[in-house]
Each structure stands twice: as structure tokens, then as C-alpha cells.
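Here is what each chain is made of, one letter per residue.
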Amino acid sequence: MTYRVWLAADSKNRDLLALSALKVELERQLPDALVLVCSFDLWQQGLLFRPHLVCLNHLHGKRNSRLIADHVKRNGGLVAVLPTEGRPSTQGQIDWVTKGFDASLCDLYLSWTQTIADLIPPEANPVVTGCGRFDFYYPPYNAVIGSKVEICGLHGLDPDREIITVASSFPQAKFAYLAQEFNKSDWVDLKIVGIEGREDPVAFAKAELNSQKQFMDILLAYRFHHEAQFVVKPHPADDVVPWRTFCQEHNMNLWLSGTIYELLKISNQHIGRPGCVTLNEAWVAGVRTLAFVTENDELTGSVKEALECTRSASSVADVMAFGYSGAQAGQSDFIQKWLGPIPGSTERVANAIKDILCAKKPEVRAPTTEELGQVHVALMQHNTLHSTPQTDAYGQ
């Protein structure tokens, strides 16, 4: 039987590569399958594809839960969840991720780890697979990532000099001064306002903006002691403008495209917030790390445990006095607990999707020629629009 599978992608630089690998593996295991990878921007066209199974990053909010998942199930299809965005960091986020969605809409929950799977409602059918994004640090997928010399050449860096990479992670900071009403309605829709400490989106955004400034101050002090090349890669949803100004003023390289895999490929040391998954990815890649802790960092859940596995600094004074805390220890246990079994996650995810399709044999009406034509036109238009780098309202 020809199954149609829609893999919905959120962030291009974070999610698309791993979902493309999943598409290839699914087509290997199900040679007759038609697998569509496309952005959430095209969710209406994704529904015209009439999938037997849709794979979403979560089931929070109206779009994912009602407009997509409920529609697919009403038409006979299945819904899987693969949390590509990252592990839940704080205890409040863990509760939100595991209890804050309608489990009746979920036929298969592809959990990164047993830690989270044990907290998912049984009716959501949790299965531990790991996450395919981490497979790109191992063969065969790491072959698609360029060498350090190649990547440095593309960005004007000297591969023979030390390179310190920095991942900023302040996507909420911009809402202290931009699009506040949108952000409020979005948090209400996603029920993020139910998480302790996030009841007021504007107050949280202002606290994040203050933390971003603290992070920059600590980074500048650290820069004072090092002659290395610094490369800053903002979070996919960060406002780039402050970082562009900062990097220009302090002779740092700013990366607005490319993947975390390329960033860590050239890195001799990686700096981030204690809750940022890129710190954990650096451990997978064998790169030493340093966490800059700010006032708005909530040190609970996996954030607290991550901070115990890396050196850290909490102020300019710490950096100037070389007063670092922590040690590079316990990282393997952390990876197993919070990132899951790797490598091999892509194959495990494909296996789980294939197994549920073959077991349940969902029956969904095939799309008409006109519907497939609309999907094709939308994909081509989207491809044309994004074939060259674009800059949005936040500089990304």
C-alpha cells in the first residue's frame, strides 16, 4: 500500500536536515511511501496532501492540535509527535510538555528519552527513539557536514587558530519591545502562561532582555582574555539586530545561516546558556563547553543537571577573576537521560512510524489531481521565495 506521510518542519536550520534524513529512511523501509517534508508555513497545503500519518513537533495550541491533528484524524489518518525543538529544560516546561496536550489526538509519541516517555500519558503511545538531529555527529550522516577547513574557508576564518563559538538563546527578549500583543495571544493559545514564572509574557520578555544584556557583558569580558576567533550564532528566533551591532563593535563573526553541526565542527570551545541544547550537542560532538548564567536562568530540571556538567560563570567579575564553577564531568549520563539513545535515532523513528502504519493500516481518501497540483504550486512558490537568504522583521 502507498502510504502518504507528512513531516512538518518548524526551523529550517534546526529541523529540516534531520527530517530530510528521516524521509530517506522511511522511503527505504517503505519503498512505496510518499513522504512530504515541508514547513508549517504550508500547513493548509500539507492537509491537501491527505496524509495517512502526520508528524508534528508538538500538540500544543490551536494550529497543531485542532487545525492539523484533529483534521487528520477525522479523515482517517494518524498523528505522531517528534519534539524536534529540544528537550524541556525546567521542571515547569517538563510538566507542560508531558501533561499540557490532548493525548487523545496522539497515536505515537516519539520520545527522546525514557525519562520523558515515563511521564507521557499512556494513551499517547510513547516510544523511546531518540532524536535524529543528533545522528549528524556520527556516520553516515556526518559525511554531509563539511570539514573544518572547508567551513572556515567559506566564512573567512583561520582553521589553525582557536575558534570559540557562541550560541545565543534569547528568543523572547525581542517581545520586550516588539509584537507584544501577538506574543501574549500566542502564549495563551499554547498555554505557556500556565507555566510557573511565565504567567506574564511581557514581564518575562523584559527579564530575558536584561539577561541577554548580562550575557553580552560576560561574553565581552571573556573576549578580553582571549585572542581566539569568536563566532556568534543567534537562536533561530532571536532578534539579530542587537547581535549584529555587538559583533561589529567587538570584532566577532556573526553567523545567520548554516547549522549547529557546522558551528560545532569548527569549534574549540562552545559557549551558551545553561538551558541551551547546543551545550549538550557540543558534548556529543566532543567540544568543551562554558555556560554563562544570568539572572533569568531557572536552575531546575535538566538545566540544573546540565550546569553540573560544565564550567560556568555568572558575572563579569567571575570571568575577570577566572572564577569558574563546575567541571566537564557527568556528560555521558546527562546525554543518556535527556537526549536519549544516539546514534541510530533516525532508523528507530522510521521503524516506529512504519510499524504503526502497518499495524493500523489507516484508510484515507487519496488527494485529487487538483489538490496535488495545489501542493506542488505552493512548494515551488515557497522554494522560490526562500532560494536566497531572506531577512525578516527581526533580522533573521
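Scroll up a little and you will see the structure.
Residues numbered from 1 in each chain as written. Predicted model: local features only at pLDDT ≥ 70, side-chain atom pairs only at ≥ 80, totals over all residues. Heavy atoms only, no water.

Helices and strands together make up the secondary structure of the protein chain, namely 16 helices and 12 strands. Taking 21 Å as the expected radius of gyration for a compact globule of 396 residues, we find that the protein chain reaches 21 Å, a close match to that expectation. Oriented by its inertia axes, the alpha-carbon framework of the protein chain measures out at about 65 × 45 × 40 Å. If you take every contact in the protein chain between residues at least 6 apart in sequence, the share linking residues at least 24 apart comes to 69%. A total of about 17,300 Å² of accessible surface is found on the protein chain, and carbon and sulfur atoms cover 53% of it. (Helix = DSSP H or I, 4+ residues; strand = E, 2+ residues; numbered from the N terminus. Rg over C-alpha atoms; globule rule 2.2 N^0.38 Å. Contact = heavy atoms within 4.5 Å. Areas by Shrake-Rupley, 256 points an atom, 1.4 Å probe, with all protein chains shown as cover.)

Turning our eyes to something else, we now look at the pairing of strand S8 (residues 229-233). With 5 of its 5 residues buried, S8 lies for the most part within the structure. Pairing geometry for strand S7 (residues 163-167) and S8, over 5 bridges, is parallel. Bridge pairing in S8 places Ile163 opposite Gln229. Strand direction decides the pairing type here: S8 and strand S9 (residues 253-254), joined by 2 bridges, are parallel. Bridged to Val231 within S9 is Asn253. Viewed along the sheet, the connection from S8 through helix H9 (residues 240-249) into S9 turns out right-handed. (Buried < 20%, exposed > 50% of the residue type's maximum accessible area, 1.4 Å probe, protein only. Pairing = 2+ DSSP bridges. Right-handed = clockwise from strand over helix to strand, strands pointing away.)

At a minimum axis distance of 12 Å, the contact between helix H8 (residues 201-224) and H9 shows a crossing angle of 20°. Here H9 runs roughly parallel to H8, going by the angle between their axes. H8 and H9 meet at a crossing whose hand is right-handed. For the pair formed by H8 and H9, the contact residues are Gln212, Phe215, Met216, Leu219 and Leu220 on the first element and Pro242, Trp243 and Phe246 on the second. Its residues placed into classes, the contact of H8 with H9 shows 7 nonpolar, 1 polar and no charged. (Axes fitted to C-alpha atoms, helices over the stretch in contact; angles between N-to-C directions. Parallel < 35°, antiparallel > 145°, perpendicular 65-115°, else oblique. Left-handed = near helix turned anticlockwise from the far one by under 90°. Nonpolar A, V, L, I, M, F, W, Y, C, P; charged D, E, K, R; others polar.)

Buried within helix H7 (residues 180-190) are the following residues: Asn183, Trp187 and Leu190. In a view along the axis of H7, the buried residues occupy a sector of 70°, so they form one face of it. Facing away from the buried side of H7 by more than 90 degrees, the exposed set consists of Glu181, Phe182 and Val188. Tucked inside the fold, the buried residues of H7 contact helix H3 (61-74), helix H4 (91-99) and H8. Positive backbone phi, approximately 65°, marks Lys191, located one or two places after H7. (Arc of directions from axis to C-beta.)

Let us look at the side chain of His60. Looking at where His60 falls in the secondary structure, it is placed in the loop between strand S3 (53-56) and H3. A distance of 3.1 Å separates the side chain of His60 from the backbone oxygen of Gly100, its partner in a polar contact. Not counting the four nearest positions on each side in its chain, His60 is found in contact with Trp96, Val97, Gly100, Phe101 and Leu190. (Polar contact = N/O pair within 3.5 Å; in protein donor to acceptor, adjacent residues only side chain to side chain.)

There is a patch of nonpolar side chains on the surface, built from Phe224, Val316 and Met320 and spanning about 290 Å² of accessible area. Mapping Phe224 onto the fold places it in helix H8. Residue Phe224 is classed as exposed on the basis of its relative accessible area, which comes to 61%. (Patch = residues over 30% accessible without salt bridge, like charges linked within 9 Å, V, L, I, M, F, W, Y side chains within 5 Å. Salt bridge = Lys/Arg side-chain N within 4 Å of Asp/Glu carboxyl O.)

Everything listed here is a matter of coordinates, which is why it stays silent on function.
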